[in-house]
Every structure is written in structure tokens, then in C-alpha cells.
Amino acid sequence: MEQRSLKIGITCFPLIGGSGILATALGMELAARNHEVHFFSYAKPVRLELSTPRIHFHEVAVGEHSVFPCPDYTLPLAVKMADVGRAEDLDLFHVHYAVPHATAAFLATEMIGNSAPKIVTTLHGTDTTLLGPNPQYRPAIAHALMHSDAVTTVSESLRQKTLKTFELSHPVEVVPNFFTPAAPTRSGEEVRGDLGLTKEFLVLHMSNLRPTKRIDLLLRTIATARQRDRLRLLILAGGAFNSYETLLDELGIRQNVIVRTAVEPVENYLQAADAGLYTSEIESFGLSVLETMFFAKPVVAFRVGGIPEVVGDAASLHQFGDIKAMAAALDDFVQSEKKARDLGNRGYARALTHFTAEHVVPRYEEIYRRVLSSEQGTAGRV
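Throughout what follows, the structure given in this document is the object of discussion. Because the structure is a prediction, the values reported are computed rather than measured. (Residues numbered from 1 in each chain as written. Predicted model: local features only at pLDDT ≥ 70, side-chain atom pairs only at ≥ 80, totals over all residues. Heavy atoms only, no water.)

## Observations regarding the overall build of the chain
Rules: Helix and strand definitions follow DSSP, with helices as H or I runs of at least four residues and strands as E runs of at least two, each counted in order from the N terminus. Throughout, radius of gyration means the C-alpha value; the globule benchmark is 2.2 Å times the number of residues raised to the power 0.38. Throughout this description, buried means an accessible area under 20% of the type-specific maximum (1.4 Å probe, protein chains only), exposed means over 50%, and partly exposed covers the range between. Residue contacts are counted whenever heavy atoms from the two residues lie within 4.5 Å of one another. Each accessible area is a Shrake-Rupley result for a 1.4 Å probe, and residues are judged covered by the shown protein chains and nothing else. The charge count includes Lys and Arg as positive and Asp and Glu as negative, but it does not include His or the ends of the chains. In plain terms, the charge of a residue is placed at NZ if it is Lys, CZ if Arg, CG if Asp and CD if Glu.
A tally of helices and strands in the chain yields 15 helices and 13 strands. Taken against the 2.2 N^0.38 rule, which gives 21 Å for 382 residues, the C-alpha radius of gyration of the chain at 21 Å falls within 12% of a compact globule. Here the C-alpha coordinates of the chain stretch approximately 65 × 50 × 40 Å along the principal axes. A buried classification covers 54% of the 382 residues belonging to the chain. Look at the contacts in the chain between residues 6 or more apart in sequence, and 70% of them connect residues 24 or more apart. For the chain, the exposed area adds up to about 16400 Å²; of that, 51% sits on carbon and sulfur atoms. Across the chain, the centroid of the 38 positively charged side chains sits 5 Å from that of the 43 negatively charged ones.

What follows is the structure, given as C-alpha cells:
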């Protein structure tokens, strides 16, 4: 028996970062499976194609009023979600991050009443690892999770931290991230030429440059490498790099580092790279790591958070802070093309067998249908 298509509201941050990228990709995949998908955010998510059939975007204006000492996003978001949820008869809200998105979803369902959509909340890390320990946020996050019909995390590592941080008694499920690479729009040679490269070994790093990404250790790893004259580090930055400019000169590696914003598809840069380097102190999953694996490029990273779950034995992992070992791994790749190629191919094989849309999206669909078949009420859902 063919199951009916669903009307799904997805709320996410629009910027370059794992949660927004995953939420956007999920929405696009759901639309391709004949579901109607409504996105809510304060700006269009960077990888969202509005021309895609069954994709709708609802921009939320950040509230600024003389009554309030600072701008407010949660209440305007809740109102927009309630208005659209009611008008479009949405089946459920899938929110990425508890604060403010699950909080806004809860308020929206309260406004709608008995016909309100169900709530599925996916945690990507920050809610648990950075905000969870803070007593100013923990009760609000716990409340949002308790009033969700289902809660998921992107890794087992994050699931365990979430259960411990919020002392939850209800189930939290693991549904990993996935990646569907698009075909590059330019050749690797063309991209390398635009970067001013010929035979240099190109190391790629993609992140939003938040403090937990430890860009200082990223740069120090390049500076420590014996083969650093042959290395070039390309940083695809989703944030400001200005604060690290002095460190480039201090380490003497300004000529080794290229910084770009994501001005073109990341697939172009992934195709042109020789390896990926990731130095996060906290990483719940590591979507950039997975994207690198999908292009059969060897990954060098710290063994933190959910990264070991993503790479298995198909990457070069090292104890956090051991930049000498990280640099030595890069040196090995520079000196042995075969070693780099073999590890990259192993990573690609693992990505294909664990982290494609075909493996992951049906797991979300199963959760959606399960919560919709439940007769539990709006409050105290999980």
C-alpha cells in the first residue's frame, strides 16, 4: 500500500554549517520523494534551490521593537510557523536545534491547538555541548526536548552527552548526517589554476570558523609539517578569518594559506584538493569530514566526538592537540601518493555504505510516520 506524502516544516539556521546544510539537503531529498517541504529561517539557506518542486521558503523577520532592548527571533519564528502550519495543514515540524527552533515549534503548536503538527527535534551539538551545561539555557532546552514527539542526534557520542546533560528518561535516536555530492561545475585543474597552484599538495579545511574548530591548531599543524613548503592550505570559511591574520605571520605561513568563502560549489574545491584537515576540539559529527570522504580524499583529524563514528578506520585520527602527529600524517601523504589514494578510497567506500541519502532519509521518514500514528497529546510527548 502506497503511503501518502507528508507536509513537513523544516526550521534551521541558514548559514554555512553542518546543521543548515543537512537540513537543506534533507528537505530537498524529501521533496524529491513527493513530500511538501516548507522551510523557516531568517534568510534563505545557502544551498536551498527555491526552483525545486514542492519546496517553499518562509522568511522570518527578526523582531526589532523599541519595547525590547535587543532583537527577538523566537517569537516571530513561532508566529510564522503557526501561521503556515495552520494555513498549509502541516503534518509536522522538523526543527534543527532545540533553541530557539524547538521552543518556537512548541509555541506554534500551542497557538494552533488540537490540529497542531507534531514536533521532531534534531540536535547537532551546540545545544548539548555548549549551551547544555549553562544553567541559563539548560531548563529551556530540556523543556523543548520534553515537548517534542521525537528527538534525534547525529551521532551516538552526542546521544550519550545529551542523555547525561539533560537527564532525559525518554528515547533519543541516532540518525547520522548524509551527503549527496553534486557534479563539479569546473575541473580540478581549473580550480587549482585559479588558486595559483601547480604541483603543490592542496590541503582543504571547510568550517564556520567557530572557536571550537580550533583554527589556531589548524595553522600550527601546517607550520609544523616538514613538507610545509610543498603544502598549501585552502580554508573555505563560513566566518571571519581576520582574527587569525597575525598568527599567519607569527608562524611564517602566510604564503601557505589561501582563504575563500564558499563562492562556488564546495564540490569544485573537494575535487581539486589532495587531502582534508580538521582540528575541531568538539565535533558531534563532522559533515565536512564526510564531504571530503565522498571525494575519496584522505582525512586527517583529531579523534573527538562523533568523528570516529563517521570515518571508522578510514582516516588518520590523532589525539586532540597532537599537531606533530597530524603534521606527520600530512608529510606521509605528500611523500606517498599511493598511501593518500588508498586511504581516500577507503573513506569513499565507507561513505557510500553508511552515509548516503538512500540510507538515511528513510529513517527520518519512518520517524515522521511513527509520531504521526501516535495518539499522544501535545504536552509531555516523548
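We are not done yet, so read on.
## Notes on the sheet that holds strand β8 (residues 201–207)
Spelled out, the test is: DSSP-based pairing: two strands are paired if at least 2 bridges between them are found. Helix axes use the C-alpha atoms of the stretch in contact, all axes being lines fitted to C-alpha atoms, and the angles between their N-to-C directions lie in the range 0 to 180 degrees.
If you walk across this open sheet you meet the six strands as β10-β9-β8-β11-β12-β13, and the pairing is parallel. Whereas interior strands pair on both sides, the edge strands pair on one side only; in this sheet they are β10 (257–261) and β13 (316–318). Here the average twist between neighbouring strands, direction ignored, is 20 degrees. Where strand β9 (residues 231–237) meets β10, five bridges bridge the pair, whose relative direction is parallel. Each bridged residue has a counterpart across the sheet, and for Leu 233 the counterpart in β10 is Val 257. Helix α8 (residues 215–224) rests against β8, β9, β10, β11 (275–278) and β12 (299–302) of the sheet, and its axis sits at about 165 degrees to β9.

## Let's talk about the packing of aromatic side chains
Stated precisely, the cut-off is as follows: Whether two aromatic rings pair depends on their centres lying within 6.5 Å, for rings of Phe, Tyr and Trp, where Trp uses its six-membered ring; planes under 30 degrees apart make the pair stacked, over 60 edge-to-face, and the rest tilted.
Counted according to the given criterion, the structure contains eight aromatic pairs. With 5.5 Å between their ring centres and 55 degrees between their planes, Phe 13 and Tyr 97 make a pair best called tilted. Of the two residues, Phe 13 is situated in the loop between β1 (7–11) and α1 (18–32) and Tyr 97 in the loop between β4 (92–96) and α3 (98–112); the sequence distance between them amounts to 84 residues. Their ring planes at 65 degrees and their centres at 5.7 Å tell us that Phe 179 and Phe 294 sit as a pair that is edge-to-face. Residue Phe 179 is found in the loop between β7 (173–174) and α7 (188–194), and its partner Phe 294 is found in the loop between α11 (287–293) and β12; the two are separated by 115 residues along the sequence. You can call Phe 179 buried: its relative accessible area is 6%.

## Some details on the nonpolar core
We count it as follows: In plain words, nonpolar cores are sets of buried Ala, Val, Leu, Ile, Met, Phe, Trp, Tyr and Cys residues tied together by side-chain atoms within 4.5 Å.
Core analysis: the largest hydrophobic core is formed by 99 residues, its most contacted members being Met 81, Leu 219, Ile 235 and Leu 290. With residues up to four places along the chain from it excluded, the contact list for Met 81 reads Thr 11, Phe 40, Phe 93, Val 95, Ala 104, Ala 105 and Ala 108. By size, the runner-up hydrophobic cluster in this structure holds 25 residues, among which are Leu 22, Ala 23, Tyr 364 and Val 371.

## Concerning the pattern of salt bridges
Rules: Definition used for salt bridges: Asp or Glu carboxyl oxygen within 4 Å of a side-chain nitrogen of Lys or Arg.
Tallying each qualifying case throughout the model produces 21 salt bridges. For Glu 250, the salt bridge is made with Arg 220, and the minimal N-O distance between the two is 3.8 Å. In this pair, Glu 250 sits in helix α9 (residues 245–251) while Arg 220 sits in helix α8, placing the two residues 30 residues apart along the sequence. Residue class for Arg 220 comes out partly exposed when judged on its relative accessible area of 30%.

## Examining the sheet that holds strand β3 (residues 55–59)
Hydrogen bonds along the backbone pair up the strands of a sheet, which may run parallel or antiparallel. With respect to topology, seven strands assemble into an open sheet ordered β3-β2-β1-β4-β5-β6-β7, the strand pairing being parallel. Every other strand in the sheet has two partners, leaving β3 and β7 as the edge strands with one partner each. One ladder, built from two bridges, connects strand β6 (residues 150–153) with β7; its direction is parallel. Counterpart to Thr 152 in the pairing with β7 is Glu 173. Docked against the sheet, α1 engages β1, β2 (36–41), β3 and β4, running at close to 160 degrees with respect to β2.

## Some thoughts on the pairing of β1
Within β1, four of the five residues are buried, which leaves it mostly tucked inside the rest of the structure. Inspection of the sheet shows β1 paired to β4 by four bridges, in the parallel sense. Across the sheet, the residue bridging to Ile 10 is His 94, located in β4.

## Things to note about the pairing of β6
Counted only if it meets this: When the strands point away from the viewer, a crossover counts as right-handed if the path from the first strand over the helix to the second runs clockwise.
Burial of the side chains of β6 extends over both faces: Ala 150 and Thr 152 are buried on one face and Val 151 and Thr 153 on the other. Direction of pairing for strand β5 (residues 118–123) relative to β6: parallel, over a ladder of four bridges. Each bridged residue has a counterpart across the sheet, and for Val 120 the counterpart in β6 is Ala 150. Between β6 and its parallel partner β7, the chain crosses via helix α6 (residues 156–166), and the hand of that crossover is right-handed.

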